[in-house]
Protein chains: 2
Amino acid sequence: MQRYFIPSNNWHDQDVIIKGQDAHHLIRVLRSHIGDQVICNNTDGKAAICAINAIADKEVQLKVKEWLTEDNELPIHVTIAQGLPKGDKIDFVLQKGTELGAHAFIPFSSKRSVVKWDDKKSRKKHERFSRIVKEASEQSHRNRIPKVYLPMNLNELLKISQSFDIKIFAYEEEAKVEKYHSFSTIVKKLKKDQSLLLCIGPEGGFAEEEVALLKKNGFTPVRLGPRILRTETAALYALASLSYQFEELGCF
Amino acid sequence: MQRYFIPSNNWHDQDVIIKGQDAHHLIRVLRSHIGDQVICNNTDGKAAICAINAIADKEVQLKVKEWLTEDNELPIHVTIAQGLPKGDKIDFVLQKGTELGAHAFIPFSSKRSVVKWDDKKSRKKHERFSRIVKEASEQSHRNRIPKVYLPMNLNELLKISQSFDIKIFAYEEEAKVEKYHSFSTIVKKLKKDQSLLLCIGPEGGFAEEEVALLKKNGFTPVRLGPRILRTETAALYALASLSYQFEELGCF
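In this text, all values refer to a predicted model and were calculated from it rather than measured experimentally.

**Student:** Go over the packing of helix H2 (residues 89–99) of chain B against helix H3 (residues 119–139) of chain B with me, naming the residues and quoting the values.
**Tutor:** When two helices pack together, their arrangement is given by the angle between the helix axes and the distance between those axes. Residue and element names in this part refer to chain B. Between H2 and H3, the shortest axis-to-axis distance is 8 Å and the interhelical angle comes to 30 degrees. On the basis of their axis angle, the class for H2 and H3 is roughly parallel. Crossing handedness for the pair H2 and H3: right-handed. Taken together, the residues of H3 that come into contact with H2 (itself represented by Ile-90, Asp-91, Leu-94, Gln-95, Thr-98 and Glu-99) are Arg-128, Phe-129, Ile-132, Val-133, Ala-136, Ser-137 and Gln-139. A per-class count over the contact of H2 with H3 returns 6 nonpolar, 4 polar and 3 charged.

**Student:** Please provide a residue-by-residue account of the relation of the copies chain A and chain B, values included.
**Tutor:** It takes a turn of 180 degrees to lay chain A on chain B, together with a shift of 0.0 Å along the axis; the resulting RMSD is 0.0 Å. What the superposition gives is, in effect, a two-fold axis relating one chain to the other. Scanning chain A for the C-alpha nearest the rotation axis identifies A:Ser241, at a separation of 2.5 Å. Most of the interface of chain A is mirrored in chain B, where 100% of its interface residues are also at the interface.

**Student:** So what's going on with the sheet that holds strand E3 (residues 15–19) of chain A? Residues and values would help.
**Tutor:** All names here are of chain A. Spatial ordering of the open sheet is given by E1-E4-E5-E6-E3-E2, a layout of 6 strands whose pairing is mixed. Among the strands making up the open sheet, the edge pair consists of strand E1 (3–5) and strand E2 (11–12). The pairing of E2 with E3 spans 2 bridges and is classified as antiparallel. Residue His-12 lies in a different strand from E3, and its bridge partner there is Asp-15. On the sheet, helix H1 (residues 20–29) packs against E1, E3, strand E4 (37–41), strand E5 (47–55) and strand E6 (59–67) and is oriented at approximately 90 degrees with respect to E3.

**Student:** Any chance you could break down the interface of chain A and chain B for me, citing the residues and the numbers?
**Tutor:** Taken together, the contact between chain A and chain B spans 41 residues of the former and 41 residues of the latter. Of the charged contacts in the structure, one is a salt bridge between B:Glu232 and A:Lys96, with a shortest N-O distance of 2.8 Å. On inspection of chain A and its partner chain B, the count reaches 40 residue pairs in polar contact (both at pLDDT 80 or more). Among the secondary structure elements, those contributing two or more residues to the side of chain A that touches chain B are helix H2 (89–99), helix H5 (183–187) and helix H7 (231–248) of chain A. Counting residues per element, the side of chain A that touches chain B draws most heavily on H7(A), which supplies 11 residues. Considering only residue class, the side of chain A that touches chain B consists of 15 nonpolar, 14 polar and 12 charged.

**Student:** Run through H7(A), naming residues and quoting values.
**Tutor:** Here H7(A) is 18 residues long and its end C-alpha atoms lie 26 Å apart, about the 26 Å a rise of 1.5 Å per residue gives. One or two residues past the end of H7(A) sits A:Gly250, with phi positive at roughly 70 degrees.

**Student:** Account for the packing of helix H4 (residues 154–161) of chain B against helix H6 (residues 208–216) of chain B, with residues named and values stated.
**Tutor:** Residues and elements named next belong to chain B. Relative orientation of the contacting elements H4 and H6 amounts to 15 degrees, with a least axis distance of 11 Å. Taken together, H4 and H6 sit at an angle that is classed as roughly parallel. Crossing geometry of H4 relative to H6 is assigned as right-handed. Facing H4, whose interface residues are Leu-154, Asn-155 and Leu-158, H6 presents Glu-210, Leu-213 and Leu-214.

**Student:** Describe the pairing of E3(A), naming the residues involved and giving the relevant values.
**Tutor:** Residues and elements named next belong to chain A. Taken together, E2 and the strand that follows it, E3, pair antiparallel across an intervening segment of 2 residues, in which Asp-13 is found at a positive phi of about 55 degrees. Summarising the sheet, E3 and E6 pair through 5 bridges and their orientation is antiparallel. Looking at E6, one finds that Asp-15 is bridged to Lys-63.

Cut-off values and rules
- Residues numbered from 1 in each chain as written.
- Chains lettered and ligands numbered in written order.
- Predicted model: local features only at pLDDT ≥ 70, side-chain atom pairs only at ≥ 80, totals over all residues.
- Heavy atoms only, no water.
- Axes fitted to C-alpha atoms, helices over the stretch in contact; angles between N-to-C directions.
- Helix = DSSP H or I, 4+ residues; strand = E, 2+ residues; numbered from the N terminus.
- Parallel < 35°, antiparallel > 145°, perpendicular 65-115°, else oblique.
- Left-handed = near helix turned anticlockwise from the far one by under 90°.
- Contact = heavy atoms within 4.5 Å.
- Nonpolar A, V, L, I, M, F, W, Y, C, P; charged D, E, K, R; others polar.
- Least-squares fit on C-alpha atoms with pLDDT ≥ 70 in both.
- Pairing = 2+ DSSP bridges.
- Salt bridge = Lys/Arg side-chain N within 4 Å of Asp/Glu carboxyl O.
- Polar contact = N/O pair within 3.5 Å; in protein donor to acceptor, adjacent residues only side chain to side chain.
- Expected span 1.5 Å × (residues − 1).

As C-alpha coordinates, then:
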(Lines give C-alpha, C1' and ligand atoms only; values in the text may rest on other atoms or scores of the structure.)
Protein backbone atom coordinates (compact mmCIF):
# COMPACT_ATOMS: atom_id res chain seq x y z
CA MET A 1 0.00 0.00 0.00
CA GLN A 2 1.28 3.48 -0.88
CA ARG A 3 2.67 5.52 2.04
CA TYR A 4 2.96 9.23 2.64
CA PHE A 5 4.50 11.27 5.44
CA ILE A 6 2.01 14.03 6.30
CA PRO A 7 3.07 17.23 8.13
CA SER A 8 1.33 17.70 11.52
CA ASN A 9 -0.78 20.70 10.40
CA ASN A 10 -2.55 18.43 7.88
CA TRP A 11 -3.75 16.08 10.63
CA HIS A 12 -7.01 17.04 12.36
CA ASP A 13 -7.94 14.25 14.75
CA GLN A 14 -9.09 11.42 12.43
CA ASP A 15 -9.02 13.58 9.28
CA VAL A 16 -5.98 13.87 7.06
CA ILE A 17 -5.33 16.17 4.11
CA ILE A 18 -2.73 15.35 1.49
CA LYS A 19 -1.46 18.34 -0.52
CA GLY A 20 1.32 19.29 -2.93
CA GLN A 21 3.44 16.67 -4.70
CA ASP A 22 1.92 13.78 -2.74
CA ALA A 23 -1.60 14.86 -3.84
CA HIS A 24 -0.34 15.07 -7.42
CA HIS A 25 1.12 11.57 -7.09
CA LEU A 26 -2.08 10.16 -5.63
CA ILE A 27 -4.41 11.83 -8.16
CA ARG A 28 -2.37 11.91 -11.38
CA VAL A 29 0.15 9.08 -11.07
CA LEU A 30 -1.81 6.45 -9.12
CA ARG A 31 -5.23 7.72 -10.41
CA SER A 32 -6.81 7.00 -7.03
CA HIS A 33 -10.55 6.93 -6.40
CA ILE A 34 -12.78 7.65 -3.41
CA GLY A 35 -12.64 4.68 -1.07
CA ASP A 36 -9.04 3.74 -2.00
CA GLN A 37 -6.74 3.23 0.96
CA VAL A 38 -3.22 4.49 1.66
CA ILE A 39 -1.00 4.55 4.74
CA CYS A 40 -0.38 7.97 6.28
CA ASN A 41 2.52 8.51 8.69
CA ASN A 42 2.40 11.36 11.16
CA THR A 43 5.42 13.18 12.53
CA ASP A 44 5.28 11.28 15.84
CA GLY A 45 6.25 8.04 14.13
CA LYS A 46 2.72 6.62 14.07
CA ALA A 47 0.99 5.36 10.92
CA ALA A 48 -2.63 4.67 9.99
CA ILE A 49 -4.53 3.08 7.13
CA CYS A 50 -6.67 5.90 5.72
CA ALA A 51 -9.46 5.86 3.14
CA ILE A 52 -9.96 8.62 0.56
CA ASN A 53 -13.09 10.67 1.31
CA ALA A 54 -12.85 13.38 -1.31
CA ILE A 55 -10.55 14.37 -4.17
CA ALA A 56 -10.29 18.04 -5.13
CA ASP A 57 -8.08 19.68 -7.73
CA LYS A 58 -4.92 19.82 -5.66
CA GLU A 59 -5.73 18.01 -2.43
CA VAL A 60 -7.07 14.72 -1.16
CA GLN A 61 -9.13 14.29 2.04
CA LEU A 62 -8.84 11.04 3.97
CA LYS A 63 -10.24 9.48 7.15
CA VAL A 64 -8.30 7.20 9.50
CA LYS A 65 -9.61 3.62 9.33
CA GLU A 66 -7.08 1.84 11.52
CA TRP A 67 -4.00 2.84 13.47
CA LEU A 68 -1.04 0.52 12.86
CA THR A 69 1.19 -0.82 15.62
CA GLU A 70 4.24 -1.51 13.43
CA ASP A 71 7.62 -0.11 14.41
CA ASN A 72 10.28 -0.45 11.74
CA GLU A 73 12.83 1.88 13.33
CA LEU A 74 16.34 0.66 14.16
CA PRO A 75 16.56 0.52 18.00
CA ILE A 76 19.87 2.43 17.90
CA HIS A 77 19.80 6.04 16.68
CA VAL A 78 22.57 6.09 14.10
CA THR A 79 23.72 9.38 12.62
CA ILE A 80 25.90 9.12 9.54
CA ALA A 81 28.38 12.00 9.15
CA GLN A 82 29.47 11.64 5.54
CA GLY A 83 32.50 13.48 4.17
CA LEU A 84 31.33 15.07 0.91
CA PRO A 85 32.11 12.60 -1.87
CA LYS A 86 32.35 13.24 -5.63
CA GLY A 87 29.38 13.24 -7.99
CA ASP A 88 26.02 11.97 -6.78
CA LYS A 89 27.41 9.44 -4.31
CA ILE A 90 25.90 11.39 -1.43
CA ASP A 91 22.42 10.82 -2.94
CA PHE A 92 23.17 7.13 -2.86
CA VAL A 93 24.28 7.22 0.80
CA LEU A 94 21.09 9.09 1.75
CA GLN A 95 18.76 6.75 -0.14
CA LYS A 96 20.37 3.46 0.93
CA GLY A 97 21.12 4.74 4.43
CA THR A 98 17.44 5.60 4.89
CA GLU A 99 16.37 2.13 3.70
CA LEU A 100 18.80 0.62 6.18
CA GLY A 101 17.45 2.64 9.11
CA ALA A 102 19.69 5.71 9.66
CA HIS A 103 18.31 8.25 12.13
CA ALA A 104 20.06 11.32 10.68
CA PHE A 105 22.71 12.41 8.18
CA ILE A 106 25.35 15.11 8.50
CA PRO A 107 27.11 15.97 5.21
CA PHE A 108 30.44 17.59 6.05
CA SER A 109 33.40 18.98 4.14
CA SER A 110 36.86 17.88 5.16
CA LYS A 111 40.43 18.44 3.98
CA ARG A 112 40.31 15.85 1.20
CA SER A 113 36.78 16.63 -0.04
CA VAL A 114 37.16 17.53 -3.70
CA VAL A 115 33.65 19.01 -3.71
CA LYS A 116 33.20 22.52 -2.33
CA TRP A 117 29.73 24.00 -1.86
CA ASP A 118 28.91 27.62 -1.05
CA ASP A 119 25.88 28.54 1.08
CA LYS A 120 23.52 28.82 -1.88
CA LYS A 121 24.54 25.45 -3.30
CA SER A 122 24.35 23.86 0.18
CA ARG A 123 20.74 25.00 0.57
CA LYS A 124 19.75 23.77 -2.86
CA LYS A 125 21.42 20.43 -2.23
CA HIS A 126 19.69 20.24 1.14
CA GLU A 127 16.25 20.51 -0.49
CA ARG A 128 17.16 17.65 -2.81
CA PHE A 129 18.50 15.57 0.09
CA SER A 130 15.25 16.09 2.04
CA ARG A 131 13.26 14.81 -0.92
CA ILE A 132 15.47 11.73 -1.28
CA VAL A 133 15.12 10.68 2.38
CA LYS A 134 11.34 11.32 2.36
CA GLU A 135 10.83 9.10 -0.69
CA ALA A 136 13.16 6.40 0.64
CA SER A 137 11.33 6.46 4.00
CA GLU A 138 7.98 5.94 2.26
CA GLN A 139 9.30 3.15 0.06
CA SER A 140 11.05 1.26 2.88
CA HIS A 141 8.13 1.59 5.35
CA ARG A 142 9.98 3.70 7.88
CA ASN A 143 8.07 5.29 10.77
CA ARG A 144 10.20 8.43 10.65
CA ILE A 145 12.01 10.45 8.03
CA PRO A 146 15.70 10.82 8.93
CA LYS A 147 16.89 14.35 9.62
CA VAL A 148 19.39 15.77 7.14
CA TYR A 149 21.59 18.54 8.52
CA LEU A 150 22.79 21.41 6.37
CA PRO A 151 26.34 20.69 5.15
CA MET A 152 28.94 21.79 7.72
CA ASN A 153 32.68 21.64 8.33
CA LEU A 154 34.56 19.30 10.66
CA ASN A 155 34.73 21.81 13.53
CA GLU A 156 30.96 22.27 13.47
CA LEU A 157 30.57 18.49 13.37
CA LEU A 158 32.84 18.10 16.42
CA LYS A 159 30.63 20.54 18.35
CA ILE A 160 27.47 18.57 17.52
CA SER A 161 29.24 15.29 18.32
CA GLN A 162 29.30 16.11 22.05
CA SER A 163 25.67 15.03 22.48
CA PHE A 164 26.20 11.45 21.22
CA ASP A 165 26.57 8.36 23.43
CA ILE A 166 29.18 6.68 21.22
CA LYS A 167 31.33 8.21 18.48
CA ILE A 168 33.33 6.27 15.90
CA PHE A 169 35.03 6.90 12.58
CA ALA A 170 35.70 4.50 9.74
CA TYR A 171 39.45 4.35 9.31
CA GLU A 172 40.96 2.53 6.36
CA GLU A 173 44.26 2.04 8.19
CA GLU A 174 42.34 0.15 10.87
CA ALA A 175 41.56 -2.62 8.35
CA LYS A 176 45.28 -3.06 7.71
CA VAL A 177 46.66 -3.39 11.24
CA GLU A 178 46.67 -6.57 13.30
CA LYS A 179 45.34 -5.11 16.57
CA TYR A 180 42.40 -3.27 15.08
CA HIS A 181 39.23 -1.96 16.78
CA SER A 182 36.61 -4.37 15.50
CA PHE A 183 33.24 -2.77 14.77
CA SER A 184 31.62 -5.52 16.85
CA THR A 185 33.36 -4.40 20.06
CA ILE A 186 31.64 -1.02 19.64
CA VAL A 187 28.29 -2.56 18.71
CA LYS A 188 28.31 -4.76 21.82
CA LYS A 189 28.55 -1.66 24.02
CA LEU A 190 25.36 -0.12 22.58
CA LYS A 191 22.09 -0.18 24.51
CA LYS A 192 18.57 0.32 23.16
CA ASP A 193 17.78 3.92 22.12
CA GLN A 194 21.40 5.05 22.49
CA SER A 195 22.86 7.36 19.88
CA LEU A 196 25.81 6.44 17.68
CA LEU A 197 27.68 8.89 15.48
CA LEU A 198 29.60 7.28 12.60
CA CYS A 199 31.96 9.60 10.78
CA ILE A 200 33.14 8.60 7.29
CA GLY A 201 35.80 10.43 5.29
CA PRO A 202 35.53 11.38 1.59
CA GLU A 203 37.30 9.38 -1.17
CA GLY A 204 40.80 10.27 0.02
CA GLY A 205 40.00 9.45 3.66
CA PHE A 206 40.92 11.68 6.58
CA ALA A 207 44.07 13.78 6.77
CA GLU A 208 46.42 12.94 9.65
CA GLU A 209 45.49 16.07 11.60
CA GLU A 210 41.79 15.21 11.21
CA VAL A 211 42.40 11.73 12.61
CA ALA A 212 44.17 13.31 15.59
CA LEU A 213 41.30 15.79 16.06
CA LEU A 214 38.65 13.04 15.90
CA LYS A 215 40.53 10.91 18.45
CA LYS A 216 40.97 13.93 20.75
CA ASN A 217 37.21 14.48 20.58
CA GLY A 218 36.36 10.96 21.71
CA PHE A 219 35.93 9.22 18.36
CA THR A 220 37.19 5.61 18.20
CA PRO A 221 38.66 4.43 14.86
CA VAL A 222 37.02 1.21 13.63
CA ARG A 223 37.46 -1.18 10.77
CA LEU A 224 34.34 -2.29 8.93
CA GLY A 225 35.42 -5.75 7.81
CA PRO A 226 38.81 -6.69 6.32
CA ARG A 227 38.22 -5.37 2.80
CA ILE A 228 38.72 -1.73 1.80
CA LEU A 229 35.28 -0.19 1.25
CA ARG A 230 34.58 2.85 -0.91
CA THR A 231 33.41 5.93 0.98
CA GLU A 232 29.79 5.42 -0.12
CA THR A 233 29.73 1.77 1.03
CA ALA A 234 30.98 2.26 4.60
CA ALA A 235 27.69 3.61 6.04
CA LEU A 236 25.73 0.75 4.49
CA TYR A 237 28.05 -1.85 6.00
CA ALA A 238 27.61 -0.31 9.45
CA LEU A 239 23.82 0.10 9.22
CA ALA A 240 23.23 -3.42 7.84
CA SER A 241 25.44 -4.87 10.60
CA LEU A 242 23.55 -2.95 13.29
CA SER A 243 20.22 -4.12 11.86
CA TYR A 244 21.52 -7.68 11.78
CA GLN A 245 22.75 -7.48 15.39
CA PHE A 246 19.69 -5.81 16.94
CA GLU A 247 16.82 -6.71 14.61
CA GLU A 248 17.77 -10.16 13.30
CA LEU A 249 19.98 -11.65 16.02
CA GLY A 250 17.92 -9.61 18.51
CA CYS A 251 20.86 -9.15 20.89
CA PHE A 252 21.49 -6.22 23.22
CA MET B 1 49.63 0.37 -3.21
CA GLN B 2 48.05 -0.29 -6.62
CA ARG B 3 46.81 -3.84 -7.20
CA TYR B 4 46.33 -5.91 -10.34
CA PHE B 5 44.94 -9.37 -10.95
CA ILE B 6 47.29 -11.11 -13.38
CA PRO B 7 46.21 -14.12 -15.49
CA SER B 8 48.21 -17.30 -14.77
CA ASN B 9 50.01 -17.35 -18.16
CA ASN B 10 51.68 -14.03 -17.26
CA TRP B 11 53.30 -15.53 -14.15
CA HIS B 12 56.63 -17.28 -14.65
CA ASP B 13 57.97 -18.32 -11.27
CA GLN B 14 59.09 -14.98 -9.73
CA ASP B 15 58.57 -12.98 -12.92
CA VAL B 16 55.33 -11.24 -13.75
CA ILE B 17 54.25 -9.50 -16.94
CA ILE B 18 51.46 -6.91 -16.94
CA LYS B 19 49.79 -6.34 -20.33
CA GLY B 20 46.71 -4.71 -21.85
CA GLN B 21 44.64 -2.16 -19.94
CA ASP B 22 46.54 -2.73 -16.69
CA ALA B 23 49.84 -1.92 -18.47
CA HIS B 24 48.24 1.20 -19.93
CA HIS B 25 47.06 2.18 -16.44
CA LEU B 26 50.48 1.60 -14.92
CA ILE B 27 52.45 3.39 -17.67
CA ARG B 28 50.10 6.20 -18.79
CA VAL B 29 47.81 6.89 -15.81
CA LEU B 30 50.13 6.25 -12.84
CA ARG B 31 53.31 7.14 -14.86
CA SER B 32 55.26 4.44 -13.04
CA HIS B 33 59.04 4.11 -13.11
CA ILE B 34 61.48 1.23 -12.84
CA GLY B 35 61.75 0.26 -9.18
CA ASP B 36 58.16 1.27 -8.33
CA GLN B 37 56.20 -1.37 -6.46
CA VAL B 38 52.68 -2.74 -6.99
CA ILE B 39 50.78 -5.71 -5.62
CA CYS B 40 50.08 -8.53 -8.09
CA ASN B 41 47.41 -11.11 -7.35
CA ASN B 42 47.57 -14.52 -9.01
CA THR B 43 44.56 -16.67 -9.84
CA ASP B 44 45.14 -18.95 -6.82
CA GLY B 45 44.22 -16.12 -4.44
CA LYS B 46 47.83 -15.29 -3.51
CA ALA B 47 49.34 -11.83 -3.75
CA ALA B 48 52.89 -10.48 -3.85
CA ILE B 49 54.59 -7.11 -3.70
CA CYS B 50 56.39 -6.79 -7.04
CA ALA B 51 58.92 -4.25 -8.29
CA ILE B 52 59.01 -2.96 -11.87
CA ASN B 53 62.04 -4.27 -13.78
CA ALA B 54 61.36 -2.97 -17.27
CA ILE B 55 58.75 -0.87 -19.05
CA ALA B 56 58.14 -1.47 -22.77
CA ASP B 57 55.58 0.14 -25.05
CA LYS B 58 52.63 -2.01 -24.03
CA GLU B 59 53.89 -4.22 -21.21
CA VAL B 60 55.55 -4.00 -17.85
CA GLN B 61 57.92 -6.62 -16.40
CA LEU B 62 58.07 -7.11 -12.66
CA LYS B 63 59.84 -9.32 -10.12
CA VAL B 64 58.30 -10.68 -6.91
CA LYS B 65 59.81 -9.02 -3.84
CA GLU B 66 57.64 -10.48 -1.10
CA TRP B 67 54.68 -12.85 -0.96
CA LEU B 68 51.85 -11.54 1.23
CA THR B 69 49.99 -13.67 3.75
CA GLU B 70 46.81 -11.57 3.85
CA ASP B 71 43.45 -13.26 3.28
CA ASN B 72 40.56 -10.85 2.81
CA GLU B 73 38.03 -13.38 1.55
CA LEU B 74 34.71 -13.88 3.33
CA PRO B 75 34.86 -17.34 4.98
CA ILE B 76 31.44 -18.22 3.50
CA HIS B 77 31.17 -18.54 -0.29
CA VAL B 78 28.18 -16.36 -1.07
CA THR B 79 26.69 -16.40 -4.56
CA ILE B 80 24.23 -13.61 -5.32
CA ALA B 81 21.56 -14.55 -7.86
CA GLN B 82 20.15 -11.16 -8.84
CA GLY B 83 16.88 -10.84 -10.77
CA LEU B 84 17.64 -8.43 -13.62
CA PRO B 85 16.75 -4.93 -12.37
CA LYS B 86 16.12 -1.78 -14.39
CA GLY B 87 18.84 0.58 -15.60
CA ASP B 88 22.37 0.19 -14.29
CA LYS B 89 21.39 -1.14 -10.87
CA ILE B 90 23.04 -4.47 -11.67
CA ASP B 91 26.40 -2.65 -12.08
CA PHE B 92 25.89 -1.30 -8.60
CA VAL B 93 25.13 -4.75 -7.14
CA LEU B 94 28.27 -6.16 -8.79
CA GLN B 95 30.53 -3.35 -7.60
CA LYS B 96 29.27 -3.12 -4.03
CA GLY B 97 28.76 -6.90 -3.75
CA THR B 98 32.42 -7.42 -4.71
CA GLU B 99 33.59 -4.89 -2.11
CA LEU B 100 31.50 -6.72 0.48
CA GLY B 101 32.99 -10.11 -0.35
CA ALA B 102 30.62 -11.97 -2.73
CA HIS B 103 32.08 -15.17 -4.22
CA ALA B 104 30.01 -15.16 -7.44
CA PHE B 105 27.07 -13.47 -9.17
CA ILE B 106 24.30 -15.01 -11.26
CA PRO B 107 22.19 -12.44 -13.15
CA PHE B 108 18.85 -14.07 -14.01
CA SER B 109 15.65 -13.06 -15.75
CA SER B 110 12.37 -13.76 -14.00
CA LYS B 111 8.69 -13.14 -14.63
CA ARG B 112 8.71 -9.56 -13.36
CA SER B 113 12.06 -8.51 -14.88
CA VAL B 114 11.27 -5.52 -17.10
CA VAL B 115 14.65 -5.91 -18.79
CA LYS B 116 15.00 -8.55 -21.52
CA TRP B 117 18.41 -9.35 -23.03
CA ASP B 118 19.08 -11.48 -26.09
CA ASP B 119 22.24 -13.60 -26.39
CA LYS B 120 24.28 -10.85 -28.02
CA LYS B 121 23.35 -8.27 -25.38
CA SER B 122 23.96 -10.81 -22.60
CA ARG B 123 27.51 -11.40 -23.84
CA LYS B 124 28.21 -7.69 -24.15
CA LYS B 125 26.85 -7.04 -20.68
CA HIS B 126 28.92 -9.95 -19.35
CA GLU B 127 32.14 -8.33 -20.58
CA ARG B 128 31.17 -5.13 -18.78
CA PHE B 129 30.27 -7.06 -15.60
CA SER B 130 33.65 -8.84 -15.63
CA ARG B 131 35.42 -5.49 -15.82
CA ILE B 132 33.38 -4.09 -12.93
CA VAL B 133 34.16 -6.99 -10.57
CA LYS B 134 37.87 -7.00 -11.52
CA GLU B 135 38.21 -3.29 -10.74
CA ALA B 136 36.20 -3.58 -7.51
CA SER B 137 38.35 -6.56 -6.44
CA GLU B 138 41.53 -4.56 -6.96
CA GLN B 139 40.16 -1.52 -5.15
CA SER B 140 38.84 -3.46 -2.15
CA HIS B 141 41.98 -5.66 -1.77
CA ARG B 142 40.23 -8.94 -2.53
CA ASN B 143 42.29 -12.10 -3.04
CA ARG B 144 39.98 -13.36 -5.75
CA ILE B 145 37.80 -11.88 -8.46
CA PRO B 146 34.19 -13.08 -8.08
CA LYS B 147 32.88 -15.19 -10.93
CA VAL B 148 30.06 -13.63 -12.96
CA TYR B 149 27.83 -16.15 -14.75
CA LEU B 150 26.24 -15.38 -18.10
CA PRO B 151 22.65 -14.21 -17.58
CA MET B 152 20.25 -17.17 -17.34
CA ASN B 153 16.60 -17.90 -16.61
CA LEU B 154 15.10 -19.22 -13.36
CA ASN B 155 15.07 -22.87 -14.52
CA GLU B 156 18.77 -22.76 -15.33
CA LEU B 157 19.38 -21.14 -11.95
CA LEU B 158 17.45 -23.93 -10.18
CA LYS B 159 19.68 -26.52 -11.86
CA ILE B 160 22.85 -24.77 -10.69
CA SER B 161 21.38 -24.33 -7.20
CA GLN B 162 21.64 -28.05 -6.49
CA SER B 163 25.34 -27.80 -5.70
CA PHE B 164 24.92 -25.25 -2.86
CA ASP B 165 24.94 -26.08 0.86
CA ILE B 166 22.26 -23.54 1.79
CA LYS B 167 19.75 -21.77 -0.48
CA ILE B 168 17.65 -18.77 0.50
CA PHE B 169 15.59 -16.09 -1.22
CA ALA B 170 14.80 -12.58 -0.06
CA TYR B 171 11.05 -12.36 0.25
CA GLU B 172 9.38 -9.02 0.90
CA GLU B 173 6.30 -10.70 2.38
CA GLU B 174 8.60 -12.30 4.96
CA ALA B 175 9.29 -8.84 6.43
CA LYS B 176 5.57 -8.31 6.94
CA VAL B 177 4.55 -11.52 8.77
CA GLU B 178 4.94 -12.11 12.47
CA LYS B 179 6.47 -15.62 12.30
CA TYR B 180 9.17 -14.81 9.75
CA HIS B 181 12.39 -16.69 8.94
CA SER B 182 15.00 -14.39 10.38
CA PHE B 183 18.19 -14.16 8.32
CA SER B 184 20.16 -14.86 11.50
CA THR B 185 18.66 -18.38 11.88
CA ILE B 186 20.13 -19.21 8.46
CA VAL B 187 23.45 -17.53 9.19
CA LYS B 188 23.88 -19.50 12.41
CA LYS B 189 23.68 -22.78 10.47
CA LEU B 190 26.58 -21.84 8.19
CA LYS B 191 30.03 -23.36 8.68
CA LYS B 192 33.37 -22.13 7.37
CA ASP B 193 33.82 -22.55 3.58
CA GLN B 194 30.20 -23.56 3.03
CA SER B 195 28.35 -22.18 0.04
CA LEU B 196 25.27 -19.99 0.32
CA LEU B 197 23.05 -19.07 -2.62
CA LEU B 198 20.97 -15.92 -2.07
CA CYS B 199 18.30 -15.34 -4.68
CA ILE B 200 16.87 -11.79 -5.02
CA GLY B 201 13.90 -10.86 -7.22
CA PRO B 202 13.78 -7.84 -9.56
CA GLU B 203 11.86 -4.62 -8.66
CA GLY B 204 8.45 -6.30 -8.66
CA GLY B 205 9.64 -9.25 -6.57
CA PHE B 206 8.87 -12.87 -7.38
CA ALA B 207 5.62 -14.07 -8.94
CA GLU B 208 3.62 -16.55 -6.81
CA GLU B 209 4.55 -19.52 -9.00
CA GLU B 210 8.23 -18.57 -8.74
CA VAL B 211 7.97 -18.50 -4.93
CA ALA B 212 6.41 -22.00 -5.04
CA LEU B 213 9.16 -23.21 -7.40
CA LEU B 214 11.93 -21.80 -5.21
CA LYS B 215 10.45 -23.41 -2.08
CA LYS B 216 10.04 -26.74 -3.89
CA ASN B 217 13.73 -26.58 -4.82
CA GLY B 218 14.89 -26.15 -1.25
CA PHE B 219 15.12 -22.34 -1.00
CA THR B 220 14.07 -20.86 2.36
CA PRO B 221 12.36 -17.43 2.28
CA VAL B 222 14.09 -14.93 4.59
CA ARG B 223 13.53 -11.38 5.67
CA LEU B 224 16.52 -9.04 5.70
CA GLY B 225 15.55 -6.73 8.55
CA PRO B 226 12.08 -5.21 9.13
CA ARG B 227 12.26 -2.48 6.50
CA ILE B 228 11.44 -3.04 2.83
CA LEU B 229 14.71 -2.92 0.87
CA ARG B 230 14.99 -2.10 -2.82
CA THR B 231 16.14 -4.99 -5.00
CA GLU B 232 19.68 -3.55 -5.32
CA THR B 233 20.08 -3.13 -1.54
CA ALA B 234 19.16 -6.69 -0.48
CA ALA B 235 22.46 -8.35 -1.46
CA LEU B 236 24.43 -5.66 0.36
CA TYR B 237 22.45 -6.15 3.56
CA ALA B 238 23.11 -9.90 3.45
CA LEU B 239 26.83 -9.60 2.62
CA ALA B 240 27.49 -6.91 5.24
CA SER B 241 25.67 -9.00 7.87
CA LEU B 242 27.68 -12.11 6.98
CA SER B 243 30.91 -10.12 7.15
CA TYR B 244 29.86 -8.72 10.52
CA GLN B 245 28.97 -12.19 11.87
CA PHE B 246 32.05 -14.08 10.64
CA GLU B 247 34.73 -11.40 10.29
CA GLU B 248 33.87 -8.88 13.01
CA LEU B 249 32.04 -10.93 15.66
CA GLY B 250 34.19 -13.89 14.57
CA CYS B 251 31.46 -16.43 15.36
CA PHE B 252 30.85 -19.77 13.64
